[in-house]
Amino acid sequence: MRCRLRGRGGFAAASVFNISAVKRLVVLVLGCVTIFAAAPRQAQARECGLPSKSPVWVDFADGSVPYWPMFARPGIVATAANFIYPAQLRALGAKTVYWEMNFRQRVGTPTNPMEPAAVENWADRVFYRAVGSSACATPWIALNEMWGSNVATPWSPTNAQYRQNVITFVRRLKALGAHPFLLLSTRPFTDGEAGDWWREAALYTNFVREIYFSAPQIHRRGPILGSRTLRSAFRQGITDLTSIGIPSAKIGLFLGFQTKRGQGGREGLKPASAWFNHVKLQVLAVKQVSRELRFATIWSWGWGEWSAGDRDPDKPAAACVYLWTRNHSLCGGPGMAGPGFDPSLTIGQIILPGGVQCNTPWGRLRSGQLSSLTGVTGDREVAYTSLFARLVLKGYVPVKPAQLNAAERAIVASRFGGSGAAYRRALARAGASRAIARGVIADELRQARIENNFRVAPPSPAEISAYHSTYSDTPARLVEATPGPSWLDHRRRGVAITGMAPNAVFRIPAGRSVALHTQKKTVRVRALSPTAPLGAFSLSAASASIRAALVRIAQDQVFDNWLMRRESSALAWTTCRRDWLPSLGTLELTSELPFLELAK
């Protein structure tokens, strides 16, 4: 936030204060603090009456904000950079903290750092001004703002000196009793030695990450996907620092509601109601993340008007919506926003009952389902992806209980000799319940129904020959089957190929025949040869089976692409706990439970 205050009782006026006079004011303030500290009603408040409950909301509201009285009321902490408006804000019930607009003039920049000897003197001067402005002996001081927080190591000599100046400045403020809040306009680089610098700085200052959005981009995504984008960015703003050991209690977020183009904010979004809805979604998003990560402060910016580009007749209403979304008692947001504003505080939000991981247009994905299936797959992500794919597929293809029962009976008959006990033992060994098994079987039924609608080009002779040579080591055997099954290209005699024909085909003793049951029919298969590599059979003998295999592979690929396109669309309408979303993927659970694969 790089701005200059021009008049209006701003920093330019404050800078001419006699520092000794301010020091005399400090003595008076210290005396007042001592008296009020004894009052029982202050027991639940921070120093100087600031709220004790985190996160503390702090709003920029000095004389550059023409409608600053909107922020002058109980329940609001306002930040200002002068000696005039803070007293008026407090007189009307607000609390105030000090805003140091020109931090670069106190420590320099990464390419032109200030002489080290002058840094502590500037810290003293800023401290005394903050005491006088906020009428607090231990003031909160917002430092606007650190430059080059994203610069990677190794640092140039000038940047290294600048970084040391920042440490010196905040350390001095801390020693004097202040609570510095260092604003970061870019994502901090924290690897290696840079991480040591951030951890040292955290001994003396809080950090506030400025995270701004282009409102039109968020608006185009809609309330669900747009809110998810906001929350993800806010989480990253916190975890970038907590991941290197900085406590969340030392971190805050800065929301931007600027209207000047090119700064992130409204960026020309129209109509006004769309802008007000965006403001609401930002506040809801940061509230959600604050419940998850328990960070310290939330700040707002963009209310001031320093130039023609900053002026916007919708600013007061936007500020009111911002305050109303935080707390309905702070402002009448819907009334000021007018027609077109959606007052819903639930749209796009993560509102899930206990035990529910995700809510989708096709139903809920429950945490218990995810835990149970993870016990089978051994991988939570694989289980998550499979359950989400199932939910999406269920929305397109229903499976009747009679169909599911018939398919399960066919598996028990063909794979377990009709023994339900053997079937249950196999499930137990795999860590799967019968409910899990029936879910997998239903997936297969749905996939088969969908694939029947796909028409793929027949494989060419060259593709058949290439398959024969590429998979020449694949186990295969010559069989007769009545009626002709799909894996023999509906012929009564041919070469059964492992992975395409049912596994039971390769367990039939040579010369014997066995009845294989499917959910639709029974196929009697006679083994005419021992199992041998596919390459041992001539191309002419195996070509029909290879053709069927290639068609099936093509259909599976078409199905997978079809399903993942629909999963991608579904994610735009899905909300999941902490925005942990399933990955796009296919139905692969039969690889974990191969005995459940349906014979075709």
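Further up the page is the structure itself.
Definitions and limits used
Residues numbered from 1 in each chain as written. Predicted model: local features only at pLDDT ≥ 70, side-chain atom pairs only at ≥ 80, totals over all residues. Heavy atoms only, no water. Helix = DSSP H or I, 4+ residues; strand = E, 2+ residues; numbered from the N terminus. Expected span 1.5 Å × (residues − 1). Bend = angle between axes of the 7 residues up to and from the residue. Pairing = 2+ DSSP bridges. Axes fitted to C-alpha atoms, helices over the stretch in contact; angles between N-to-C directions. Contact = heavy atoms within 4.5 Å. Buried < 20%, exposed > 50% of the residue type's maximum accessible area, 1.4 Å probe, protein only. Patch = residues over 30% accessible without salt bridge, like charges linked within 9 Å, V, L, I, M, F, W, Y side chains within 5 Å. Areas by Shrake-Rupley, 256 points an atom, 1.4 Å probe, with all protein chains shown as cover. Salt bridge = Lys/Arg side-chain N within 4 Å of Asp/Glu carboxyl O. Lys, Arg positive; Asp, Glu negative; His and termini not counted. Charge placed at Lys NZ, Arg CZ, Asp CG, Glu CD. Disulfide = S-S within 2.5 Å. Phe/Tyr/Trp six-rings, centres within 6.5 Å; stacked < 30°, edge-to-face > 60°.

Peer 1: Help me understand helix α18 (residues 539–571), please; the structure alone is not making it clear to me.
Peer 2: Given 3.6 residues per helical turn, the α-helix brings residues three or four places apart onto the same face. Here α18 is 33 residues long and its end C-alpha atoms lie 46 Å apart, about the 48 Å a rise of 1.5 Å per residue gives. When the local axis directions of α18 are compared, the greatest deviation, roughly 30°, occurs at Ser-545.

Peer 1: Is there a simple way to explain the sheet that holds strand β5 (residues 179–184) in this structure?
Peer 2: Across a sheet, strands are paired by hydrogen bonds formed along the backbone, either parallel or antiparallel in direction. Ordered in space as β1-β2-β3-β4-β5-β6-β7-β8, the eight strands form a closed barrel in which the pairing is parallel. Ignoring which end each strand starts from, the neighbouring axes of this sheet average 30° apart. Note that strand β1 (residues 56–60) and strand β2 (residues 77–80) share three bridges and pair parallel. Bridge pairing in β2 places Asp-59 opposite Ala-78. Along the sheet face, helix α5 (residues 116–134) touches β2, β3 (95–100) and β4 (140–146) and points at about 150° away from the line of β3. Sheet contacts for helix α9 (residues 272–293): β1, β7 (251–256) and β8 (297–301); angle to β7, the most-contacted strand, approximately 170°.

Peer 1: Can you help me understand the pairing of β8 in this one?
Peer 2: On a regular strand, one side chain projects to one face of the sheet and the next to the other, so that they alternate. The buried fraction of β8 is high, at five of five residues. Here β8 shows two buried faces, one formed by Thr-297, Trp-299 and Trp-301 and the other by Ile-298 and Ser-300. Judged from the four bridges that link them, β1 and β8 form a sheet pairing that is parallel. Residue pairing in the sheet places Trp-57 in a bridge with Ile-298 of β8. Sheet topology places β7 next to β8; five bridges connect them, and they run parallel. Note on β8: the bridge partner recorded for Leu-255 is Ser-300.

Peer 1: What is the right way to look at a positive patch on the surface in this model?
Peer 2: Residues Lys-400, Arg-449, Lys-520 and Lys-521 make up a contiguous surface patch of positive charge. The residue Lys-521 is located in the loop between β13 (513–517) and β14 (522–527) in this model. Accessibility expressed as a relative area gives 35% for Lys-521, which makes it partly exposed.

Peer 1: How should the state of the cysteines be read in this particular structure?
Peer 2: Such a bond, covalent and formed between the sulfur atoms of two cysteines, is termed a disulfide. This structure, assessed with the given rule, holds three disulfides. Put simply, Cys-48 and Cys-136 are joined by a disulfide, and their sulfur atoms are 1.8 Å apart. Here Cys-48 and Cys-136 share a disulfide; its torsion about the S-S bond, 75°, makes the bridge right-handed. Of this pair, Cys-48 sits in the loop between α2 (19–37) and β1 while Cys-136 sits in the loop between α5 and β4; the two residues are 88 residues apart in sequence, bridging distant segments of the chain. Looking at Cys-48, the relative accessible area reads 32%, which means it is partly exposed. Each sulfur in the disulfide pair Cys-320 and Cys-331 lies 2.0 Å from the other. Taking the torsion about the S-S bond as the criterion, the Cys-320 to Cys-331 disulfide, at about -105°, is left-handed. With Cys-320 in helix α10 (residues 315–326) and Cys-331 in the loop between α10 and α11 (333–337), this pair connects stretches of sequence that are 11 residues apart. In this pair, the class of Cys-320 matches that of Cys-331, namely buried. When the bonded cysteines of the protein are numbered from the N-terminus onward, they pair as 1-2, 3-4, 5-6.

Peer 1: I tried to follow the packing of aromatic side chains on my own but got confused; where do I start?
Peer 2: Per the counting criterion, the structure on display carries 28 aromatic pairs. Consider the rings of Phe-60 and Trp-99, whose centres lie 5.0 Å apart with planes at 70°: the pair is edge-to-face. Here Phe-60, found in strand β1, pairs with Trp-99, found in strand β3; they are 39 residues apart in sequence, far enough to count as distant. The same class applies to Phe-60 as to Trp-99, namely buried.

Peer 1: Even after reading the chapter, I still don't get the sheet that holds strand β9 (residues 356–360), so can you show me in this structure?
Peer 2: Spatially, β10-β9-β16 is the arrangement adopted by the three strands of the open sheet, whose pairing is antiparallel. The sheet is open, and its two edges are formed by β10 (363–366) and β16 (575–576), each paired on a single side. With two bridges connecting them, β9 and β16 associate as antiparallel partners. Bridge assignment links Asn-359 to a residue of β16, and that residue is Thr-575. Here helix α13 (residues 380–394) sits on the sheet and contacts β9, β10 and β16; the angle it forms with β10, its principal contact strand, is near 165°.

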